[in-house]
2 protein chains.
Amino acid sequence: MDILYQRFIDHYSGSQQLTDHTKAEICNHLSILHLNKKHVLIKENQRHDFAYFVIKGAVRSYFLKDGIEVNTWFALENDMVGSLQNFNDKPSKETIELVENSTLISINLKKLKPLMFLNIQISNFINAVIEEYALFLEKKIYFSQMMHSIDKYLILLDKEPQLFQRIPLTYIASFLGITRETLSRLRAK
Amino acid sequence: MDILYQRFIDHYSGSQQLTDHTKAEICNHLSILHLNKKHVLIKENQRHDFAYFVIKGAVRSYFLKDGIEVNTWFALENDMVGSLQNFNDKPSKETIELVENSTLISINLKKLKPLMFLNIQISNFINAVIEEYALFLEKKIYFSQMMHSIDKYLILLDKEPQLFQRIPLTYIASFLGITRETLSRLRAK
DNA sequence: GATTTCATTTGATATATGTCACAAAATCAT
DNA sequence: ATGATTTTGTGACATATATCAAATGAAATC
């Protein structure tokens, strides 16, 4: 098995030991991709069969609100990107686009998902992926309830300093829910 | 099987047909509770073994930020409340408290969770619960990214009108991330 | 390396929301 | 019912952030 696939599987198998057979079944639905900056993985309002795991690179998610891009998050190495909507055969609410030239693993959800009704290890594996995602969303919500944007800025700077090296401030400001001018002024301190 | 248990199980079994044996296994870990307004189901920073499904009543979740309650959501009939943290044996980040006298089903996570490694139907059942929760969180985040609070107010009024009948405006304002004074002024239009 | 494009910073002003103080209304407990 | 408590509404003013405009700085393209 490719070492990159191993890395993806290890990242989500947690306490559970997967048999070689299960690992092979999962790998059947994985592929490695090399794609360039600005490439769009998932388009808002479209159905897609794939989710992606970032091996190397940076990715952003955003949706359009009154014609303006609202950035919702940034994924770096070992993060998973995709849409739970897609997992349920519904159109994505977000566009997902590369911010750097990146190496990704694509996961064929359409083919992997039905296996969860046949293979309990795969069911628990998918469970782990969704659970990690839900914990991540909880953190984001907690964060978004901070009243002052200066607090949000400082926490983000503390918890995710890499973002400020790799993601344009315009996108970060949008994620924080403020204009780029305001972010610039907060930083001038 | 109690009809209320049936209602809870049906709500999450979705496409999947559960055998009577599986249903019985789940029911072993359910109980019905009648509790009064202000009763605290889950305390911030404490571990708990239970999640709850609202049969009748209203519940709020909040955490303390600089000594101030920040309300994070309100659950009504057929909603599930609890903490993913508890599901992973970690202390809850939120306090969950009844806003009305309520009837609830308690779910013993500590005992139910290990069964997901033994019974694939239970694994998929738990999967459905967590997935619905994650979709709900996604909606909340989308909502929280609305820039103007007037938009948030109007959307909430449209999508969740019952909240305004049953949940004090102070709590709703806190959830919207504005003061009660500001909410009061928005409403005066 | 020069040119174009994109990202960031700074300034002046307008607007939205917060804060504090208090009044009015609704709800609760006795 | 009555008074006490909680919830909601209104006013005056302070502050944070948005908006618009322009300058500077950095990165990509040729």
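Heads up: the structure comes first, above all this text.
Residues numbered from 1 in each chain as written. Chains lettered and ligands numbered in written order. Predicted model: local features only at pLDDT ≥ 70, side-chain atom pairs only at ≥ 80, totals over all residues. Heavy atoms only, no water.

1. A short note on the pattern of salt bridges
Phase 1: The final tally for this structure, using the stated rule, is 17 salt bridges over all chains.
Phase 2: Linking B:D89 and B:K110 is a salt bridge whose minimum nitrogen-to-oxygen distance equals 3.4 Å. Of this pair, B:D89 sits in the loop between α3 (84-87) and β7 (95-98) while B:K110 sits in helix α4 (residues 109-112), and the two are 21 residues apart along the sequence.
Phase 3: B:K110 gets classed as partly exposed once you look at its relative accessible area, which sits at 46%.
Phase 4: Of the charged contacts, one joins B:R166 and B:E100 as a salt bridge, the two residues approaching to 2.9 Å between their closest N and O atoms. Of the two residues, B:R166 is situated in helix α7 (residues 161-166) and B:E100 in the loop between β7 and β8 (102-108); the sequence distance between them amounts to 66 residues.
Phase 5: Assessed through its relative accessible area of 22%, B:R166 is described here as partly exposed.
Phase 6: Residues joined in a network through salt bridges with shared partners are A:K56, A:E77, A:E100 and A:R166. (Salt bridge = Lys/Arg side-chain N within 4 Å of Asp/Glu carboxyl O. Helix = DSSP H or I, 4+ residues; strand = E, 2+ residues; numbered from the N terminus. Buried < 20%, exposed > 50% of the residue type's maximum accessible area, 1.4 Å probe, protein only.)

2. As for a nonpolar patch on the surface
Residue and element names in this part refer to chain A.
Phase 1: Residues I150, L154 and L157 make up a contiguous nonpolar surface patch of about 220 Å² in total accessible area.
Phase 2: Position of I150 among the secondary structure elements: in helix α6 (residues 149-159).
Phase 3: On the basis of relative accessibility, which here comes to 32%, the residue I150 falls in the partly exposed class. (Patch = residues over 30% accessible without salt bridge, like charges linked within 9 Å, V, L, I, M, F, W, Y side chains within 5 Å. Areas by Shrake-Rupley, 256 points an atom, 1.4 Å probe, with all protein chains shown as cover.)

3. Looking at the protein's contact with DNA strand C
Phase 1: Taken together, the neighbourhood of DNA strand C is formed by 16 residues, with A:L169, A:T170, A:R185, B:S149 and B:T182 sitting nearest.
Phase 2: Counting only atoms of DNA strand C within 4 Å of the protein, the sugar-phosphate share comes to 59%.
Phase 3: Between DNA strand C and the protein, one listed contact pairs a phosphate oxygen with a side-chain N or O atom of A:T170 at 2.8 Å.
Phase 4: In the environment of DNA strand C, a phosphate oxygen lies 2.4 Å from a nitrogen or oxygen atom belonging to the side chain of B:T182.
Phase 5: When contributions to the surface near DNA strand C are tallied by element, the ones reaching two or more residues are α8 (169-176) and α9 (180-187) of chain A together with α9 (180-187) of chain B.
Phase 6: When residues in the surface near DNA strand C are grouped by element, the largest group, four residues, is from α9(A). (Near = heavy atom within 4 Å. Polar contact = N/O pair within 3.5 Å; in protein donor to acceptor, adjacent residues only side chain to side chain.)

4. Remarks on the packing of aromatic side chains
Two measures describe an aromatic ring pair: the distance that separates the ring centres and the angle between the ring planes.
Phase 1: Under the counting rule described, the total for this entry stands at 26 aromatic pairs over all chains.
Phase 2: Seen from their ring centres, B:F143 and B:F175 are 5.8 Å apart, and the 10° between their planes marks the pair as stacked. Taken together, the residues B:F143 in helix α5 (residues 120-144) and B:F175 in helix α8 (residues 169-176) connect sequence positions 32 residues apart.
Phase 3: Linked through ring pairs, A:W73, A:F74, A:Y133, A:F136, A:F143 and A:F175 together constitute an aromatic cluster.
Phase 4: Against the face of A:F87 rests A:K113, its NZ or CZ located 4.4 Å from the ring centre. (Phe/Tyr/Trp six-rings, centres within 6.5 Å; stacked < 30°, edge-to-face > 60°. Lys NZ or Arg CZ within 6 Å of the ring centre and 35° of its normal.)

5. What to know about the nonpolar core
Phase 1: Formed by 58 residues in total, the largest nonpolar core has its most connected members in A:F8, A:I105, A:I107, B:F8, B:I105 and B:I107.
Phase 2: In contact with A:I107, not counting residues within four places along its chain, are A:F8, A:H29, A:L30, A:D49, A:F50, A:A51, A:Y52, A:F53, A:M80 and A:L112. (Core = buried A, V, L, I, M, F, W, Y, C linked by side-chain atoms within 4.5 Å. Contact = heavy atoms within 4.5 Å.)

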